[in-house]
Amino acid sequence: DAAVAFVKDLSVLGQVDVAAAYISSTLDQVTVEDARLDFQRDVWDRLHAILGDAPALSGMPVKIHVRGAQGHPAHELLLLAKEQRNGLIVIGTHRRSAWRQMLKASFPNTIAVHAETNVLCVPGTFHAPTAQVPAIHRALVATDFSDCGNDAIRHAYSLVGPGGEVRLLHVCFSPSPGFDMAIASEAFLDHTVAMAQSLKDADARLTALIPRVLATTGVTTTAEILPHHDIAAGICEAADRFGADVICMGTTGHSRARIALLGSTVQAVLAHSHRPVFVVTLPQA
């Protein structure tokens, strides 16, 4: 954010051709290609929140590059800068101590040492984010068709205002591929038929859950059925594709002991999602 804010100040000096890069070592190229537009949308939303309508940038759209990295993300960024022939790389830095940098080379240090162009490191303290109340435009509701899961739907509508969107999601468990198709062809065929029927039934049930009465005027409702071998991972991936501002889920846990012993999908999503998670518990009788 500090790097982006500095680019906005830099644009005051004159016309600036800006490109933004989102690179992650947790993404492979297949994942990137399948969800490129979703990642670009998220990057643009973050840029626009900081850049706003900078005068010198208007009329020149910011180019957004999304890439996965097999190795260190810094090397992928350096390769991208070389390909694009950028005259300046602007990156943020936490100003780590020399001792910590000796233990593990920092991202800015790797860029500064190996870059073939100019590098500008902006300390994180340069940008002080404004204390704005976040607006929720897109809410993803994950349900397993249980009472607590379905109860989260009505709470999602309380979070999204007019012009927003609520997406209902049900993840059908589908074993990950890995068996020999030649040996297990019959079992695979049975599984395929059963999964197709399961998806069809889930789609009908999910569509029936769309609350016609609760739906706020101006709020769009969509539904998605997703087969996945990891329920929690499927929810997180669906939230990323949807660009959800919040994930809504229901749970029966009330006491700390019950939640700790739950070992549920909710706990897994809380542990791995980088988006806010709104957990709804059923009211006690």
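Relevant structure appears above.
This write-up is about the structure you can find in this document. (Residues numbered from 1 in each chain as written. Predicted model: local features only at pLDDT ≥ 70, side-chain atom pairs only at ≥ 80, totals over all residues. Heavy atoms only, no water.)

### Considerations on the overall build of the chain
Regarding its fold elements, the chain presents eleven helices and nine strands. Looking at the chain residue by residue over its 285 residues, the buried ones come to 36%. In the chain, once contacts between residues fewer than 6 apart in sequence are set aside, the share between residues at least 24 apart is 77%. Accessible area for the chain stands at about 17100 Å²; split by element, carbon and sulfur atoms hold 57% of it. (Helix = DSSP H or I, 4+ residues; strand = E, 2+ residues; numbered from the N terminus. Buried < 20%, exposed > 50% of the residue type's maximum accessible area, 1.4 Å probe, protein only. Contact = heavy atoms within 4.5 Å. Areas by Shrake-Rupley, 256 points an atom, 1.4 Å probe, with all protein chains shown as cover.)

### What to know about unusual backbone geometry
A positive phi angle, close to 55°, is found at Arg85, a residue other than glycine. Examined against the element boundaries, Arg85 turns out to sit in the loop between helix H4 (73-84) and strand S3 (88-93). Look at Phe145: it is not a glycine, yet its phi comes out positive at around 70°. Counting through the fold element by element, Phe145 comes out in the loop between strand S5 (138-142) and helix H7 (147-159).

### With respect to helix H1 (residues 2-10)
Those residues of H1 lying buried are Ala2, Ala3, Val4, Ala5 and Val7. The elements touched by buried residues of H1 are helix H3 (36-51), S3 and strand S4 (118-123).

### A short note on the pattern of salt bridges
Tallied over the entire structure, the rule returns 13 salt bridges. Residue Asp45 is joined to Arg138 by a salt bridge in which the shortest nitrogen-to-oxygen separation is 3.4 Å. With a gap of 93 residues between them, Asp45 in helix H3 and Arg138 in strand S5 connect regions that are remote in the sequence. We classify Asp45 as partly exposed; its relative accessible area is 38%. Put simply, Arg67 and Glu83 hold a salt bridge, and the shortest N to O gap is 2.4 Å. Within this pair, whereas Arg67 is found in strand S2 (residues 63-68), its partner Glu83 is found in helix H4, the two being separated by 16 residues in sequence. Residue Arg67 is classed as buried on the basis of its relative accessible area, which comes to 19%. One continuous salt-bridge network, built from bridges that share partners, spans Asp38, Arg41, Asp42, Asp240 and Arg275. (Salt bridge = Lys/Arg side-chain N within 4 Å of Asp/Glu carboxyl O.)

### Quick look at the nonpolar core
Ranked by size, the top nonpolar core spans 19 residues in total, and within it Val141, Ala156, Tyr157, Val166 and Leu168 carry the most contacts. Every element with two or more residues in this core is listed here: S5, H7, strand S6 (165-173), helix H8 (185-208) and strand S8 (246-251). Top element by residues in this core is H7. It accounts for four residues. Apart from the residues lying within four places of it in its own chain, the contact partners of Ala156 are Ala139, Val141, Val166 and Cys248. (Core = buried A, V, L, I, M, F, W, Y, C linked by side-chain atoms within 4.5 Å.)

### Observations concerning the packing of H4 against helix H6 (residues 107-114)
Orientation of H4 relative to H6, taken along the N-to-C sense of each, is 40°, at an axis distance of 9 Å. Taken together, the axis directions place H4 and H6 in an arrangement best described as oblique. For the crossing formed where H4 meets H6, the hand is right-handed. Counting all contacts with H4, which are made through Pro73, Ala74, His75, Leu77 and Leu78, the residues of H6 involved are Phe107, Thr110, Ile111 and His114. Of the residues assigned to the contact of H4 with H6, the class counts are six nonpolar, three polar and no charged. (Axes fitted to C-alpha atoms, helices over the stretch in contact; angles between N-to-C directions. Parallel < 35°, antiparallel > 145°, perpendicular 65-115°, else oblique. Left-handed = near helix turned anticlockwise from the far one by under 90°. Nonpolar A, V, L, I, M, F, W, Y, C, P; charged D, E, K, R; others polar.)

### Some points on the pairing of S5
Most of S5 sits inside the fold, with four of its five residues counted as buried. The handedness of the S5 to S6 crossover, carried by H7, is right-handed. Two elements, S5 and S8, share three bridges in a ladder whose sense is parallel. Within the sheet, the bridge partner assigned to Leu140 lies in S8 and is Ile247. (Right-handed = clockwise from strand over helix to strand, strands pointing away. Pairing = 2+ DSSP bridges.)

### Topic: the packing of helix H9 (residues 231-242) against helix H11 (residues 265-272)
Running from amino to carboxyl end, H9 crosses H11 at an angle of 50°, the nearest separation of the two axes being 8 Å. With respect to their mutual orientation, H9 and H11 come out oblique. When the axes of H9 and H11 are compared, the crossing they make is right-handed. Taken together, the residues of H11 that come into contact with H9 (itself represented by Ile231, Ala232, Ile235 and Cys236) are Thr265, Ala268, Val269 and His272.

### Considering H6
Among the residues of H6, Pro108, Thr110 and Ile111 are the ones counted as buried. Seen along its axis, H6 keeps its buried residues to an arc of 165°; they face one direction. Residues of H6 that are buried sit in contact with H4, S3 and S4. (Arc of directions from axis to C-beta.)

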